[in-house]
Amino acid sequence: MSERWTIGEFSRITHLSIRTLRRYHEQDLLVPAQVDPVTGYRYYSPAQVRPALTIRRLRELDLPLADLRSFLQAEFDGPRGAGEAGRPAAQHIVAAHLRRLEDRLGRTQRAIQALRELLDPEAQRAVSLEVLPPQRVLAVSLDVPPGADLGWYDAAMNDLDMAAGSRPVLPPGGRYEHALFTDGHGRATVYLPAEAPMSRSAPATVKPVQLPQRAAAVATHHGPHDDLDLTYAAIGSYVAHNALHSSNLVEEIYLVGPRDTDQPDRWRTLVAWLIDSDTGRSTTP
């Protein structure tokens, strides 16, 4: 080798401790350019400086070891020595991890905002008592089983989109039993407002439904649904404090959602806690 550095020299150059360099070797992340078969001394080359510092940054960003090995092979072990042929694959690995970190950061920031609101005794979400007008909709009703993810909602919306076709529609919505939230399973109805007759080619799951006029305690939730529980808490407290008789249903209307924008901060969800009885008042004390 024309130039080689001992592990101590390489440690001083990269500011990586000798212990860290040994660990990188043991994890097969940064194998020394040469290992003396007699003494076991490790020697590094100048070409290993950039990979060493890259490993440090990616480990600080919690890139999983398997992904890190794939990245290093694509980025630094290409057929022309610089990894040019594998660079797109390497960039894809890092880009995917950065998106995960951005999502995690977004969730953390929203959790902090929600906590600040919870710790502020003056913070209140606006709730009002309103009457929702009758409405003709195309609907998919189903029993959501325990442990189900949101795939049932996506499947219902796909069927509704097929039934609605290219006709302009008002924002979609859903009517959910409270048990869906309290017990993790229950009845759900996903709908799209539509006045025109349903297409004959519509999926069998889609039925025309006439929603009645209904009273509800209502609030508009702004932004992603990470803190939707705060809006529900505000509405539920309003219902309880005003001695309103809650029905078994809550309705969500997705005024602006993922179908409209990829910016969650612009989402708007109308949450309507349906009230049972003509007056909206309970007859019990």
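These numbers were taken from a predicted model, which means no experiment stands behind them. (Residues numbered from 1 in each chain as written. Predicted model: local features only at pLDDT ≥ 70, side-chain atom pairs only at ≥ 80, totals over all residues. Heavy atoms only, no water.)

A. Region of interest: the packing of helix H3 (residues 49–60) against helix H4 (residues 65–76). Contact geometry for H3 and H4: axes closest at 11 Å, N-to-C directions at 150°. Taken together, the axes of H3 and H4 lie roughly antiparallel to each other. Where H3 crosses over H4, the handedness of that crossing is right-handed. Of the residues in H4, those in contact with Arg50, Pro51, Thr54, Ile55, Leu58 and Arg59 of H3 are Leu65, Leu68, Phe71, Leu72, Glu75 and Phe76. When its residues are assigned to classes, the contact of H3 with H4 shows eight nonpolar, one polar and three charged. (Axes fitted to C-alpha atoms, helices over the stretch in contact; angles between N-to-C directions. Helix = DSSP H or I, 4+ residues; strand = E, 2+ residues; numbered from the N terminus. Parallel < 35°, antiparallel > 145°, perpendicular 65-115°, else oblique. Left-handed = near helix turned anticlockwise from the far one by under 90°. Contact = heavy atoms within 4.5 Å. Nonpolar A, V, L, I, M, F, W, Y, C, P; charged D, E, K, R; others polar.)

B. Broad picture of the environment of Arg214. Assignment of secondary structure puts Arg214 in strand E9 (residues 214–222). Its relative accessible area of 8% is what places Arg214 among the buried residues. Residues Arg214 and Asp67, 147 residues apart in the sequence, show an inter-C-alpha distance of 53 Å. If we ignore the near neighbours within four places in the chain, the residues touching Arg214 are Glu130, Val131, Leu132, Pro133, Pro134, Gln135, Arg175, Tyr191, Glu251 and Leu274. Among the polar contacts listed, one links the side chain of Arg214 to the backbone oxygen of Pro133, at a separation of 2.7 Å. (Buried < 20%, exposed > 50% of the residue type's maximum accessible area, 1.4 Å probe, protein only. Polar contact = N/O pair within 3.5 Å; in protein donor to acceptor, adjacent residues only side chain to side chain.)

C. How the structure looks around the sheet that holds strand E2 (residues 34–35). Judged by pairing direction, the sheet is antiparallel, and its three strands sit side by side in the order E1-E3-E2 without closing on themselves. The two strands at the open ends of the sheet, each matched to only one other strand, are strand E1 (5–6) and E2. The sheet contact formed by E1 and strand E3 (residues 42–44) spans two bridges and is antiparallel. Pairing of Trp5 across the sheet is with Tyr44, part of E3. (Pairing = 2+ DSSP bridges.)

D. Up close: the layout of surface pockets. In this model, the largest pocket occupies a volume close to 860 Å³. As for the largest pocket, its lining consists of 31 residues, of which Leu150, Tyr153, His225, Glu252 and Tyr254 are closest to the centre. Among the secondary structure elements, those contributing two or more residues to the lining of the largest pocket are helix H6 (151–164), helix H7 (179–182), helix H8 (228–241) and strand E10 (246–256). The leading source of residues in the lining of the largest pocket is H6, at four residues. Taken together, the residues that form the lining of the largest pocket break down as 20 nonpolar, four polar and seven charged. (1 Å grid on protein atoms, 1.4 Å probe; cavity = no way out; pocket = protein on both sides within 12 Å on 5 of 7 lines; lining within 4 Å. Points joined across faces, edges and corners; volume = space filled by probe spheres on them.)

E. Structural context of the pairing of strand E7 (residues 186–193). Burial runs high along E7: seven of the eight residues are buried. Where strand E5 (residues 135–144) lies against E7, eight bridges are found, and the strand directions are antiparallel. Bridge pairing in E7 places Asp143 opposite Arg187. Bridge count for strand E6 (residues 173–177) against E7 is four bridges, and the pairing is antiparallel.

F. Main features of the sheet that holds E5. Strand order in the open sheet formed by eight strands is E4-E9-E11-E10-E6-E7-E5-E8, and the pairing between neighbours is antiparallel. Of all the strands in the sheet, just strand E4 (128–132) and strand E8 (207–211) have a single pairing partner and so form its edges. If you compare each strand with its neighbour and ignore which way they point, the axes differ by 35° on average. Of the pairings in the sheet, the one linking E6 to E10 comprises five bridges and is antiparallel in character. Counted as the bridge partner of Arg175 is Glu251 from E10. Where H6 meets the sheet, it contacts E5, E6, E7 and E10, and its direction lies at approximately 30° from that of E7.

Don't take any of this as a statement about function, it's just geometry.
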